[in-house]
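Examining the three-dimensional arrangement
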Amino acid sequence: EAQVTQNPRYLITVTGKKLTVTCSQNMNHEYMSWYRQDPGLGLRQIYYSMNVEVTDKGDVPEGYKVSRKEKRNFPLILESPSPNQTSLYFCASSWNFGHTEAFFGQGTRLTVV
Amino acid sequence: GENVEQHPSTLSVQEGDSAVIKCTYSDSASNYFPWYKQELGKGPQLIIDIRSNVGEKKDQRIAVTLNKTAKHFSLHITETQPEDSAVYFCAASRSQAGTALIFGKGTTLSVSS
């Protein structure tokens, strides 16, 4: 089954404790992206990747890092999480975000206390 | 960069009525306009998309119209059903490498029976 898998689905952590949210897709897609969803603000792009070892900032990259060492995986790293990063996070993949359907993961609800 | 405005933010209709959600975009070079539906606890899922060389597209009870001159596009849902209740996002993008999908802030549609 074609899918984008994120883990964990829920996470509560403390300020400053490094964490990683994993994302994996099985569709051999070139493009992958991370979004955060906040009430009243919709989906905002954090980082995206056009291919292995190619990443670029989206609209709200501050406080986040990503890596794309393999085509299927695109982890999101919070080196020092802060409460304003409490949000619902989605990973997505596509053949080309500007052309074709984007497939989203189930989401990761992160709470930073 | 691209900016997408979406209205209304909430919409309540009776079962069987029609629902219309409108979006405007700022980048005249955008030429791909998808609509996503997000059900509670899930990631967004593509329901219909339209490209700039087409003025209207239909798929059963849903349709999308595009006015490139005015830079706006709309989602029309006819004969609404309770299972249409969800958050709907419009998005816009250029069809070129490296461009991102820019989303509107979303519309929460409630269909009451």
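Heads up: the structure comes first, above all this text.
Before going into details, it helps to say that this report is about the structure given with it.

Parameters and conventions
- Residues numbered from 1 in each chain as written.
- Chains lettered and ligands numbered in written order.
- Predicted model: local features only at pLDDT ≥ 70, side-chain atom pairs only at ≥ 80, totals over all residues.
- Heavy atoms only, no water.
- Pairing = 2+ DSSP bridges.
- Helix = DSSP H or I, 4+ residues; strand = E, 2+ residues; numbered from the N terminus.
- Axes fitted to C-alpha atoms, helices over the stretch in contact; angles between N-to-C directions.
- Phe/Tyr/Trp six-rings, centres within 6.5 Å; stacked < 30°, edge-to-face > 60°.
- Buried < 20%, exposed > 50% of the residue type's maximum accessible area, 1.4 Å probe, protein only.

A look at the sheet that holds strand 3 (residues 19–25) of chain A
All names here are of chain A. On the basis of which strands lie adjacent, the open sheet formed by four strands has the order 1-3-8-7 and antiparallel pairing. Two strands lie at the open edges of the sheet, namely strand 1 (4–7) and strand 7 (65–66), each paired on one side alone. Pairing of strand 3 with strand 8 (residues 76–78) involves three bridges; the strand directions are antiparallel. If you follow Val21 over to strand 8, its bridge partner there is Leu76.

Overview of the sheet that holds strand 8 (residues 72–77) of chain B
Residues and elements named next belong to chain B. The five strands lie next to each other as 1-3-8-7-6, forming an open sheet whose pairing is antiparallel. What marks the edges here is a single partner per strand, and that holds for strand 1 (4–7) and strand 6 (56–59). Averaged over all adjacent pairs, the angle separating strand axes in this sheet is 15°, with direction ignored. Bridge count between strand 6 and strand 7 (residues 62–67): four bridges; the pairing is antiparallel. Bridge pairing in strand 7 links Glu56 to Thr65.

Remarks on the packing of aromatic side chains
Scanning all chains against the criterion turns up 12 aromatic pairs over all chains. Between Tyr64(A) and Tyr89(A), the ring centres sit 5.9 Å apart and the planes meet at 65°, which makes this aromatic pair edge-to-face. With a gap of 25 residues between them, Tyr64(A) in the loop between strand 6 (54–57) and strand 7 and Tyr89(A) in strand 9 (residues 87–94) connect regions that are remote in the sequence. Taking the relative accessible area as the measure of exposure, Tyr89(A) reaches 1% and is therefore buried. The interplanar angle of 85° and the centroid separation of 6.3 Å between the aromatic rings of Phe89(B) and Phe103(B) together place this pair among those described as edge-to-face. A residue pair is termed long-range when its members are at least 10 positions apart, and Phe89(B) in strand 9 (residues 86–92) and Phe103(B) in strand 10 (residues 102–103) qualify at 14 residues. Each of the two residues, Phe89(B) as well as Phe103(B), counts as buried. Taken together through their ring pairs, the aromatic side chains of Tyr35(A), Phe90(A), Phe104(A), Tyr36(B), Phe89(B) and Phe103(B) make up a single cluster.

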